[in-house]
Amino acid sequence: MAVILDGKKLRDKLLDELHLRTAKFDKKPKLVVILVGDNPASVIYVNNKRKFAEKAGIDSEIINYPSNVQEDELLNKIKELNEDNSVNGLLVQLPLPKHIDKSKVINTISPMKDVDCFTAMNCGKLFTGEKPYVFPCTPKGILLLLDEYNIDVEGKHVVIVGRSNIVGKPLSVMMLNRNATVTICHSKTENLSQITKTADILVSAVGKKIIEDSMMKVDGIMIDVGIFKDENGKTRGDADFEKVSITASYITPVPGGVGPMTIASLMINTVELFELQNKRSLGVQ
Ligand code: NAP
């Protein structure tokens, strides 16, 4: 039976540690989240960010625009926040309405406040081996969780299902940086199960019921990033948890695995940016 990789427990431990760290600062780090519209999932995510920021001793502000906001108004707000020294981390909750150019919005965020590591500048640094100001939250959270359970990825075959800019692609680079051998799969991959069966560590970031126990290597590690509601309205991940947890050696539950680690990473990133910006303003590199 697989060991559960408990993201919730580690999140709480990391937030407690952050709280001790921020308590020593002469002012609180600040995270600003811009939310456009009222997509129910986005509203839940944004409220969670506020809740866990508070637990970490971080000030947070949510700026909510109606879904018909003009792109220029959003860009001007981001530019204003870039210049505001009291703001350390800035993110725009995705998805954005269709009339707004997502890439333009993201790349208006100052790379030094880009707490999600979504800007082309920070992604470019990540992909060329230069250190971005902070690492992207979900991949960072996955690595923190593996570290907590002393799981070394060096030399291991890591198969990632899903090639998004926020999970699959950056995680592949971060795994490579740790000397894993990485394969990325997607909707056009042929013979998916033959590939997943060779994974020492299988990461699934799809958002549908896709990973069966027959697709797992015996004693492989299952990292389930996917999150969606099933036909009964129950929150679940990509993997058939009951069955896969018999075949796997370790598994992340959904909810309670990668999700909490993403939020913990966001808070760590905010504090890291705060420290970096304050060192810069003191002239320390
Ligand atoms: P995404 O943009 O939703 O894309 C899904 C990926 O899955 C695409 O690369 C797609 O391939 C691939 N895919 C779809 N059907 C497939 C199939 N039958 N076989 C193999 N691959 C398939 O990805 P995302 O934004 O990373 O989100 C993925 C899931 O993770 C969602 O459920 C999301 O809610 C969740 N998520 C969770 C967290 C967390 O903190 N827990 C964070 C981020 C995302 P193509 O590229 O070929 O279309």
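Data block above holds the structure.
Draft legend 1. Quick peek at unusual backbone geometry. The step from L94 to P95 runs through a cis peptide bond, and the omega angle for that step is 5°. With respect to the secondary-structure elements, P95 resides in the loop between β4 (89-92) and α4 (102-108). Of the consecutive residues V254 and P255, the connecting peptide bond is found in the cis state with omega at 0°. For P255, the location among the structural elements is in the loop between β11 (250-251) and α10 (258-281). The phi angle at N191 is positive, at roughly 55°, despite the residue not being glycine. Among the secondary structure elements, N191 is positioned in the loop between β6 (181-185) and α8 (192-196).

Draft legend 2. Representation of the pairing of β6 in the model. Here 5 bridges tie strand β5 (residues 157-161) to β6, and the two strands are oriented parallel to one another. Within β6, the residue paired with V159 across the bridge is T183. Considered for its hand, the β-α-β crossover made up of β5, helix α7 (residues 168-177) and β6 is right-handed.

Draft legend 3. A look at the pattern of salt bridges. Within the structure shown, the criterion is met by 9 salt bridges. Across the salt bridge formed by R11 and D12, the nearest N and O atoms sit 3.0 Å from each other. For R11, a relative accessible area of 10% translates into the label buried. Note that K30 and E61 form a salt bridge whose closest N and O atoms lie 3.0 Å from each other. With K30 in strand β2 (residues 30-36) and E61 in strand β3 (residues 59-65), this pair connects stretches of sequence that are 31 residues apart. Judged by relative accessible area, K30 falls into the buried class, the value being 18%.

Draft legend 4. Summary view of the packing of aromatic side chains. Considering all chains together, one arrives at 2 aromatic pairs under this definition. When the ring of Y149 is compared with that of Y250, the centres are 6.5 Å apart and the planes differ by 70°; the resulting orientation is edge-to-face. Separated by 101 residues along the polypeptide, Y149 in the loop between α6 (137-148) and β5 and Y250 in strand β11 bring together distant segments of the chain. A cation sits over an aromatic face here: K125 above Y133, 4.5 Å from the ring centre.

Draft legend 5. Focus on the side chain of K140. In this structure, K140 sits in helix α6. A polar contact of 3.2 Å, which involves the side chain of K140, links it to the side chain of E272. Once you skip the residues sitting within four places of it in the chain, K140 turns out to touch F135, M174, S265, I268, N269 and E272.

Draft legend 6. How the structure looks around the site of the ligand. Around the ligand lies a shell of 20 residues, among which R163, S164, S187, V225 and T262 are the nearest. Separating a nitrogen atom of the ligand from a backbone N or O atom of V225 is a distance of 3.4 Å. Burial of the ligand by the protein chains amounts to 70% of its free accessible area of 910 Å². The residue inventory of the shell around the ligand, partitioned by class, reads 9 nonpolar, 9 polar and 2 charged.

Draft legend 7. Examining the sheet that holds β2 more closely. Taken together, the 3 strands give an open sheet; going across it, the order is β3-β2-β4, and neighbouring strands pair in parallel fashion. Each end of this open sheet is capped by a strand with a single partner; those strands are β3 and β4. Each strand of the sheet is rotated relative to its neighbour by a mean of 15°, with strand direction disregarded. Where β2 lies against β4, 4 bridges are found, and the strand directions are parallel. Counterpart to I34 in the pairing with β4 is V92.

Draft legend 8. Quick look at the nonpolar core. V203, I223 and M267 are the most contacted members of the largest nonpolar core, which has 48 residues in total. Broken down by element, this core gets its largest block of residues, 10 residues, from α10. Those residues in contact with M267 that lie beyond four places of it in its chain are L15, L18, L31, K49, F52, A53, A56 and I58. I63, L74, L75 and V92 belong to the second largest nonpolar core, which has 17 residues in total.

Draft legend 9. Spatial organisation of the sheet that holds strand β1 (residues 3-4). Spatially, β1-β11-β8-β7-β5-β6 is the arrangement adopted by the 6 strands of the open sheet, whose pairing is parallel. Two strands close off the open sheet at either side, each with one partner strand: β1 and β6. Judged from the 4 bridges that link them, strand β7 (residues 201-204) and strand β8 (residues 221-224) form a sheet pairing that is parallel. Bridge pairing links S204 to D224 in β8. Across the sheet, α7 touches β5, β6 and β7, and the angle it forms with β6 is around 170°.

The rules behind the values
Residues numbered from 1 in each chain as written. Predicted model: local features only at pLDDT ≥ 70, side-chain atom pairs only at ≥ 80, totals over all residues. Heavy atoms only, no water. Helix = DSSP H or I, 4+ residues; strand = E, 2+ residues; numbered from the N terminus. Pairing = 2+ DSSP bridges. Right-handed = clockwise from strand over helix to strand, strands pointing away. Salt bridge = Lys/Arg side-chain N within 4 Å of Asp/Glu carboxyl O. Buried < 20%, exposed > 50% of the residue type's maximum accessible area, 1.4 Å probe, protein only. Phe/Tyr/Trp six-rings, centres within 6.5 Å; stacked < 30°, edge-to-face > 60°. Lys NZ or Arg CZ within 6 Å of the ring centre and 35° of its normal. Polar contact = N/O pair within 3.5 Å; in protein donor to acceptor, adjacent residues only side chain to side chain. Contact = heavy atoms within 4.5 Å. Near = heavy atom within 4 Å. Areas by Shrake-Rupley, 256 points an atom, 1.4 Å probe, with all protein chains shown as cover. Nonpolar A, V, L, I, M, F, W, Y, C, P; charged D, E, K, R; others polar. Axes fitted to C-alpha atoms, helices over the stretch in contact; angles between N-to-C directions. Core = buried A, V, L, I, M, F, W, Y, C linked by side-chain atoms within 4.5 Å.

As far as function goes, none of this settles anything; it's purely spatial.
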